[in-house]
Number of protein chains: 2
Amino acid sequence: MKELKERILREGKNLGNGILKVDSFVNHQVDPVLMNACGREFARRFANVGATKVLTAEISGIAPALTTALHLSLPVVYARNTKPITMPDAVFLTLAPSHTKGVMTELIVSPEYLAGGERVLIIDDFLASGATIMGLVRLAQTAGATIVGIGALIEKTFEGGRQMLKPLGVPIESLAVITAMEGDTIVFSD
Amino acid sequence: MKELKERILREGKNLGNGILKVDSFVNHQVDPVLMNACGREFARRFANVGATKVLTAEISGIAPALTTALHLSLPVVYARNTKPITMPDAVFLTLAPSHTKGVMTELIVSPEYLAGGERVLIIDDFLASGATIMGLVRLAQTAGATIVGIGALIEKTFEGGRQMLKPLGVPIESLAVITAMEGDTIVFSD
């Protein structure tokens, strides 16, 4: 997606160790107009997968997942990292390593909002190692739901996430695909 | 706002101790169509305050802040609870008690995205004791920014937040104002 790639080239910063800083429009400050355009594009690409719910992980997945869900007119559920007191005692929980926090984080979803029979579209900000998204896949499968698609704003192919997710046999769509980052140079797949 | 109040009456649950559970459409599962309508309403109410940025706190403030920012065509910044490795060493940080986590949480904003001279509109999910919003006010003031308005989806008047915020002298807008919760009965101000 042209607008997203141009923005990454203009404002993205390669911090080394595979970390791409996009805090000025995705991860800390968010450009809602760009996120809305990304959501519209995801909705177009996943228009025919029959999703009944969008699933993401707090925190950075919320913006693109919300705008995607808006354009698909579907509810969106975000997995929490801590269990708030409003959540029932029995929950779906899994662990995934956090890229930017450097620790294992919990992904928690209440059974109230993820049920058997749901057709789940997973949307997140990054597809890197695929660990967070695989965590969301495990949660959905534990709930008896079916994964029907996976979307990420930004994919870093050199971290191998797509290979890990491929066996799921669902469409995987990334709006900006980065094949290499060296110093100030960010290389896209096309 | 009629749609929001009707939804609270239909799906909100009084968990006691002043906790209103709205996890099915605001806090864990989000209804993006309702959030978009709320964002449009905030944008209408704050159309003339001259805001240059929307500020909120992760996690539950993100959805209403994002849709408000979308309708105002402004960037939105969400204060983080933990400092990710993409953030510089020197940050704006304050502490606020979390209602639903029962602990003090950090609110952290990078100086990169909150500068002197900004005119900040604060949007959050709840206005209860006002502690989180006052934390955001302190962050913005530390940055040299000016607060120009405060909006919350749901206000609980019996927790006194509005009194705490009133001395700021800025418009405070809530889309659903709850004056009492007793058992299954939720009473709105009008």
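Counting from 1, residues in each chain are numbered in the order their sequence is written. Written order determines the labels here, with chains lettered from A and ligands numbered from 1. Reporting in this predicted model follows two pLDDT cut-offs: at least 70 for local features of residues, and 80 or more for side-chain atom pairs to be given and counted; totals over whole chains, interfaces and linings ignore these cut-offs and use all residues. Excluded from the side-chain calculations are hydrogens and water; all other atoms, namely the structure's heavy atoms, are used.

**With respect to unusual backbone geometry**
- Between Glu-58 of chain A and Ile-59 of chain A the backbone carries a cis peptide bond, its omega angle lying at 5°.
- Take Ile-59 of chain A: it is sitting in the loop between strand S4 (53–57) and helix H4 (62–72).
- The residue Asn-17 of chain B is not glycine, and still its phi comes out positive at about 55°.
- A run of H or I in DSSP counts as a helix once it spans at least four residues, and a run of E counts as a strand once it spans at least two, with each numbered from the N terminus. Mapped onto the fold, Asn-17 of chain B is located in the loop between strand S1 (13–16) and strand S2 (19–21).
- By relative accessible area, which is 82% here, Asn-17 of chain B ends up exposed.
- Phi at Ser-73 of chain B is positive, roughly 55°, even though this residue is not glycine.
- Its location among the elements puts Ser-73 of chain B in the loop between helix H4 (62–72) and strand S5 (76–79).
- Throughout, exposure labels follow a simple rule: accessible area from a 1.4 Å probe, protein chains only, divided by the maximum for the residue type, with under 20% read as buried, over 50% as exposed, and the rest as partly exposed. By relative accessible area, which is 53% here, Ser-73 of chain B ends up exposed.

**Digging into the sheet that holds S4 of chain A**
- When DSSP locates at least two bridges between a pair of strands, those strands are taken to pair. With respect to topology, seven strands assemble into an open sheet ordered S11(A)-S10(A)-S9(A)-S8(A)-S4(A)-S5(A)-S3(B), the strand pairing being mixed. Edge strands, defined here as strands with exactly one partner in the open sheet, are strand S11 (185–188) of chain A together with strand S3 (29–30) of chain B.
- Pairing between S4 of chain A and strand S8 (residues 119–127) of chain A: three bridges, direction parallel. Of the residues in S8 of chain A, the one forming a bridge with Lys-53 of chain A is Val-120 of chain A.
- Should any heavy atoms of two residues lie within 4.5 Å, those residues are counted as being in contact. In this description, a line fitted to the C-alpha atoms serves as the axis of each element, helices being fitted only across the stretch in contact, and the angle between N-to-C directions of two axes falls anywhere from 0 to 180 degrees. Strands in contact with helix H1 (residues 2–11) of chain A are strand S9 (146–156), strand S10 (172–182) and S11 of chain A; relative to S10 of chain A, the strand with the most contacts, it is inclined by about 25°.

**Remarks on the relation of the copies chain A and chain B**
- Here the copies are matched by least squares. The fit uses the C-alpha atoms of residues with pLDDT of at least 70 in both. Superposing chain A onto chain B requires a rotation of 180° together with a translation of 0.0 Å along the rotation axis, leaving an RMSD of 0.0 Å. These values place the two chain copies in the arrangement generated by a two-fold rotation axis. Scanning chain A for the C-alpha nearest the rotation axis identifies Ile-59 of chain A, at a separation of 3.2 Å.
- Most of the interface of chain A is mirrored in chain B: 100% of its interface residues are interface residues there too.

**Structural notes on the confidence of the model for chain A**
- A score from 0 to 100, pLDDT tells how confident the predictor is in each residue. Mean pLDDT for chain A: 96, with 99% of residues reaching 70 or above.
- Predicted complex metrics record ipTM = 0.96 and pTM = 0.97.

**Comments concerning the interface of chain A and chain B**
- On the side of chain B, 45 residues touch chain A, which itself brings 45 residues to the contact.
- Carbon and sulfur atoms supply 63% of the area that chain A and chain B bury against each other, a total of about 3,700 Å² over both sides.
- Salt bridges are defined as contacts in which a side-chain nitrogen from Lys or Arg sits within 4 Å of a carboxyl oxygen from Asp or Glu. The tally of links from chain A across to chain B stands at two salt bridges.
- The salt bridge involving Lys-21 of chain A is made with Glu-112 of chain B; its shortest N-O contact spans 2.7 Å.
- Each polar contact in these results corresponds to two N or O atoms within 3.5 Å; when the atoms are within protein, one needs to be able to donate a hydrogen and the other to accept it, and residues that are neighboring in sequence are counted only if both atoms are side-chain atoms. Linking chain A to chain B there are 20 residue pairs in polar contact (both at pLDDT 80 or more).
- Of all the secondary-structure elements, those providing two or more residues to the side of chain A that touches chain B are helix H2 (23–27), strand S3 (29–30), helix H3 (32–45), H4, strand S5 (76–79) and strand S7 (104–109) of chain A.
- A total of six residues in the side of chain A that touches chain B trace back to one element, the largest contributor, which is H4 of chain A.
- The residue classification treats Ala, Val, Leu, Ile, Met, Phe, Trp, Tyr, Cys and Pro as nonpolar and Asp, Glu, Lys and Arg as charged. All others, Gly included, are polar. Each residue belonging to the side of chain A that touches chain B can be placed in one class, and the counts come to 25 nonpolar, 13 polar and seven charged.
- Looking at chain direction, S5 of chain A and S3 of chain B are connected through two bridges and run antiparallel. Each residue of the ladder has a partner; that of Val-77 of chain A, found in S3 of chain B, is Gln-29 of chain B. Once two parts are joined, some of their accessible surface, as seen by a 1.4 Å probe, is lost; buried area is that loss totalled over both.

**Regarding the environment of Gly-18 of chain A**
Residues and elements named next belong to chain A.
- Among the structural elements, Gly-18 can be located in the loop between strand S1 (13–14) and strand S2 (20–21).
- C-alpha separation for the pair Gly-18 and Glu-182, spaced 164 residues apart in sequence, amounts to 9.4 Å.
- If sequence neighbours within four positions are ignored, Gly-18 has contacts with His-99, Lys-156, Phe-158, Glu-159 and Met-181.

**Quick word on the packing of helix H1 (residues 2–11) of chain B against helix H3 (residues 32–45) of chain B**
All names here are of chain B.
- One way to put it is that H1 packs onto H3 with a least axis distance of 10 Å and a crossing angle of 140°. Taken together, the axes of H1 and H3 lie oblique to each other. The way H1 lies across H3 gives a crossing that is left-handed. Listed contacts from H3 to Glu-3, Leu-4 and Arg-7 of H1 are Leu-34, Ala-37 and Cys-38. When an angle is under 35 degrees it counts as roughly parallel; over 145 it counts as roughly antiparallel; between 65 and 115 it counts as roughly perpendicular; any other value is oblique. Handedness of a helix crossing follows the sense of rotation of the near helix relative to the far helix, less than a right angle counterclockwise being left-handed and clockwise being right-handed.

**Re the nonpolar core**
- Counting residues in hydrophobic clusters, the biggest one holds 76 residues, and the most contacted among them are Leu-4 and Ile-8 of chain A together with Leu-4 and Ile-8 of chain B.
- In this structure Leu-4 of chain B touches Phe-25, Leu-34, Cys-38, Leu-153, Ile-154, Leu-175 and Ala-176 of chain B, once residues within four positions along its chain are discounted. Nonpolar core, defined: a set of buried Ala, Val, Leu, Ile, Met, Phe, Trp, Tyr and Cys residues in which side-chain atoms within 4.5 Å join the residues together.

**Quick word on empty space enclosed by the protein**
- Cavities and pockets were defined on a 1 Å grid built from protein atoms only: a cavity is a group of points that admits a 1.4 Å probe but offers it no way out, a pocket is an open group of points flanked by protein on both sides within 12 Å along at least five of seven lines, and a lining residue is one with an atom within 4 Å of any such point. Grid points are joined across faces, edges and corners, and a volume is the space filled by probe spheres set on the points. Per the counting criterion, the structure on display carries one cavity of 30 Å³ or more.
- Taken together, Leu-66, Thr-67 and Leu-70 of chain A together with Leu-66, Thr-67 and Leu-70 of chain B form the lining of the largest cavity.
- Of the residues that constitute the lining of the largest cavity, the class distribution is four nonpolar, two polar and no charged.

**Observations regarding a nonpolar patch on the surface**
- Residues form patches when they are more than 30% accessible in relative terms and have no salt bridge. Like charges link within 9 Å. Nonpolar side chains (Val, Leu, Ile, Met, Phe, Trp, Tyr) link within 5 Å. In these tables, accessible area is a Shrake-Rupley quantity obtained with a 1.4 Å probe, and a residue counts as shielded only by the protein chains included in the view. Residues Leu-93, Leu-95 and Met-104 of chain A make up a contiguous nonpolar surface patch of roughly 290 Å² in combined accessible area.
- Of note, Leu-93 of chain A is situated in strand S6 (residues 92–97).

**Looking at the pairing of S4 of chain A**
All names here are of chain A.
- Buried residues dominate S4, accounting for five of its five residues.
- Alternating residues of S4 divide into Lys-53, Leu-55 and Ala-57 and Val-54 and Thr-56, and every residue in both groups is buried.
- One ladder, built from four bridges, connects S4 with S5; its direction is parallel. In the strand pairing of S5, Leu-55 is matched with Val-77.

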